[in-house]
Amino acid sequence: MRVLGIETSCDETGVAVFDGDHGLLAHALYSQTALHAEYGGVVPELASRDHVRKLLPMIHAALTEAHTQPGQIDGIAYTAGPGLMGALLVGACLGKALAYAWKIPAIGIHHMEGHLLAPMLETPAPTFPFVALLVSGGHTQLVEVQAVGRYRTLGESVDDAAGEAFDKVAKLLGLPYPGGPALAKLAEQGVPGRFRFPRPMTERPGLDFSFSGLKTAVLTTLKTAARDPQTKADIACAFEEAVVDTLIIKCVRALQETGHRRLVVAGGVSANRKLREQLQQRMMQLGGQVFYPRLEFCTDNGAMIAYAGYMRLRAEHVPAPMAVTARWPLDSLTAP
Ligand code: KG4
Ligand code: ZN
């Protein structure tokens, strides 16, 4: 079975072709970063219009790269939510229209399920069951994963997502959008230990997160600290350490509470080098294993949607008709 995947939930246009026997045959990604940079964040209307411009040519290119004719595609998977409504509709409409024309099924995929399954495209791939830490710009969640579609949320952010905190603190430090990677780069020049920020919600039991207080702590420090480049780098370093520490503490707690030994980390913030290195070390100490997507599949991409679509379409012969939705709890999914 060969599936065309389409991702348009935010500011990246992603397209991929996944084949059950041969794996990933092609993938293409276009990031709208430059388009939104001058506004300091994603402008939904501009995002939708750009997906309209880019999507069809990218599908043509991906099919060519995959040496695939439309007649060889068995199903189309598009991101149906959560995300920006207008942006989602572009992918959904084109996905459904192509599926209608090609007389094949189309299936709407949960964006976070795509992220969660992305490490399955790597070798070695994690086996079920595992705990997943999903850390993106819109979500921070710990999920117990028994199988595709069998998800139980163990904890989530009660306010800002981790990526959102990175982006907001980057803005406070005067860094360009998108803030996360820029802040991580600046933090590399920082002197560890000069500043220290709290590890929110780690003192009490539970697996929820809160990152908005951390942003306020940075703001308070910035009001009194000097604004020289080294001080900014030191603050970035302390902020990154606080987020990474907090995420690691909660991951270890989730593994202890569930008894699982495998951890999957996915979503944009899983590209963070410090997080990857420190979690790797901690999991080795604990005798567990941690799995990440390759760097280009940490952030939004079409490959994860094509793969999730394949996993569902091979089991579900006639998927239910599917609209798009801006909000969609992961726990409401069912196994294919
Ligand atoms: O998964 P993603 O591409 O989009 C959403 O579904 O939200 O995640 C984007 C988020 C942004 O907040 C971005 O700043 C953050 O991931 N991010 C990073 C890094 N790379 C991307 N945060 C910290 N360090 C990074 N290296
Ligand atoms: Zn995402």
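How each quantity is defined
For every chain, the first residue of its written sequence is number 1, and the numbers climb from 1 along that sequence. For this description, chains carry letters from A and ligands carry numbers from 1, given in the order in which they are written. Local features in this predicted model are restricted to residues whose pLDDT is 70 or higher, and side-chain atom pairs enter the listing and the counts only when it is 80 or higher, whereas totals over whole chains, interfaces and linings include all residues. Heavy atoms throughout the structure, all of them, feed into the side-chain values; hydrogens and water do not. Comment: axis = line fitted to C-alpha atoms, over the contacting stretch for helices; angle = value between 0 and 180 degrees taken between N-to-C directions. Secondary structure elements follow DSSP: runs of H or I no shorter than four residues count as helices, runs of E no shorter than two count as strands, and numbering proceeds from the N terminus. Here is the rule for handedness: rotate from the far helix to the near one, and if that takes an anticlockwise turn smaller than a right angle the crossing is left-handed, while a clockwise turn gives right-handed. We call two residues in contact whenever any of their non-hydrogen atoms come within 4.5 Å of each other. Here the nonpolar group is Ala, Val, Leu, Ile, Met, Phe, Trp, Tyr, Cys and Pro; Asp, Glu, Lys and Arg are the charged ones; every other residue, Gly included, is treated as polar. Salt bridges, as used here, are contacts in which a Lys or Arg side-chain nitrogen is within 4 Å of a carboxyl oxygen on Asp or Glu. Any residue with at least one heavy atom within 4 Å of a molecule or strand is counted as near it. As used in this structure description, the phrase polar contact means that two N or O atoms lie within 3.5 Å; if the pair is within protein, one of them must be able to donate a hydrogen and the other to accept it, and residues adjacent in sequence are counted only when both atoms belong to side chains. Surface accessibility follows the Shrake-Rupley procedure with a 1.4 Å probe radius. Residue values consider only the protein chains on display as shielding. How far each domain reaches was decided by an automatic or database domain assignment. The donor set comprises N, O and S atoms within 2.8 Å of the metal, extended to 3.2 Å for Na, K and Ca; water molecules are omitted, so apparent gaps in a site may simply reflect that omission. Among the buried residues, those of types Ala, Val, Leu, Ile, Met, Phe, Trp, Tyr and Cys that are joined through side-chain atoms within 4.5 Å form a nonpolar core. Three labels apply to residues, based on accessible area from a 1.4 Å probe with only protein chains included: buried if under 20% of the type maximum, exposed if over 50%, partly exposed otherwise in between. When DSSP locates at least two bridges between a pair of strands, those strands are taken to pair. Each aromatic pair joins two rings of Phe, Tyr and Trp (for Trp, the six-membered one) with centres within 6.5 Å, and gets the label stacked for planes under 30 degrees apart, edge-to-face for over 60, and tilted for any other angle.

Novice: So what's going on with the packing of helix 8 (residues 229-258) against helix 9 (residues 273-286)? Which residues, and what values?
Specialist: Where helix 8 contacts helix 9, the axes come no closer than 10 Å and their chain directions differ by 35°. Pair helix 8 / helix 9 crosses with right-handed handedness. Contacts from C237, E240, E241, V244, D245, L247, I248, C251, V252 and L255 in helix 8 reach K274, L275, Q278, L279, R282, M283 and L286 in helix 9. Per-class residue counts for the contact of helix 8 with helix 9 are eleven nonpolar, one polar and five charged.

Novice: Quick rundown of the pattern of salt bridges? Include the residues and the values.
Specialist: Going through the model one piece at a time under the given rule, you end up with 15 salt bridges. In this structure, K168 engages D160 in a salt bridge whose closest nitrogen and oxygen atoms are separated by 3.3 Å. One network of salt bridges, with partners in common, ties together D160, E164, K168 and K215.

Novice: Report on the site of ligand 1, specifying residues and quantitative values.
Specialist: In the neighbourhood of ligand 1, 17 residues make up the surrounding shell, with H115, G137, D167, G268 and N272 lying closest. At 3.1 Å, a side-chain N or O of H115 approaches an oxygen atom of ligand 1. At 3.1 Å from an oxygen atom of ligand 1 is found a main-chain nitrogen or oxygen belonging to G163. Against a free-state accessible area of 560 Å², the protein chains account for coverage of 87% of ligand 1. Taken together, the elements giving at least two residues each to the shell around ligand 1 come down to helix 4 (111-117), helix 5 (162-172) and helix 6 (179-187). In the shell around ligand 1, the residues fall into four nonpolar, eleven polar and two charged. Summarising the domain contributions, the shell around ligand 1 has at least three residues from each of domain 1 (2-117 + 297-332) and domain 2 (128-292).

Novice: Describe the coordination of the zinc ion (ligand 2), listing the residues and the values that go with them.
Specialist: For a metal bound by four donors in tetrahedral geometry, the ideal donor-metal-donor angle is 109.5 degrees, whereas six donors in octahedral geometry ideally sit at 90 or 180 degrees. Coordination of the zinc ion (ligand 2) by the protein involves H111 (NE2), H115 (NE2) and D300 (OD), with metal-donor separations of 2.0 to 2.1 Å. Of note, the donors binding the zinc ion (ligand 2) are all from one chain and are spaced H-x3-H-x184-D. Note that H111 and H115 are positioned in helix 4 at a spacing of four residues, about one turn of the helix.

Novice: An account of the nonpolar core is requested, with residue identities and associated values reported.
Specialist: Membership of the largest hydrophobic core comes to 57 residues, with the highest contact counts inside it found for L116 and Y151. Residues lining this core come from more than one domain, with at least three contributed by each of domain 1 (2-117 + 297-332) and domain 2 (128-292). Ignoring sequence-local partners within four residues, the contact set of L116 consists of F130, A132, L134, V145, Y151, V264, A266 and L330. Counting residues in hydrophobic clusters, the runner-up holds 47 residues, among them F197, L207, V218 and A233.

Novice: Which residues make up the sheet that holds strand 9 (residues 262-266), and what are the values?
Specialist: Read from one edge to the other, the open sheet built from five strands follows the order 8-7-6-9-10, with strand pairing classed as mixed. Looking at which strands have only one partner, the edges of the open sheet turn out to be strand 8 (150-156) and strand 10 (289-291). Taken over all neighbouring pairs, the strand axes of this sheet differ in orientation by 25° on average, direction set aside. The pairing of strand 6 (residues 130-135) with strand 7 (residues 140-147) spans six bridges and is classified as antiparallel.

Novice: Kindly report on the packing of aromatic side chains, identifying the contributing residues and their values.
Specialist: Applying the stated criterion across every chain, the model contains five aromatic pairs. Ring geometry for F18 versus Y307: centroids 5.1 Å apart, planes at 85°, classification edge-to-face. Of this pair, F18 sits in strand 2 (residues 12-19) while Y307 sits in helix 10 (residues 303-313), and the two are 289 residues apart along the sequence. By the burial criterion, F18 is buried, and Y307 matches it. Both rings, one in F209 and one in F211, keep their centres 6.0 Å apart while their planes meet at 15°; by these two values the pair is stacked. Neither F209 nor F211 differs from the other in exposure class; each is buried. Pairwise contacts between aromatic rings join F18, Y307 and Y310 into one cluster.

In short, shape yes, function no, at least from these values alone.
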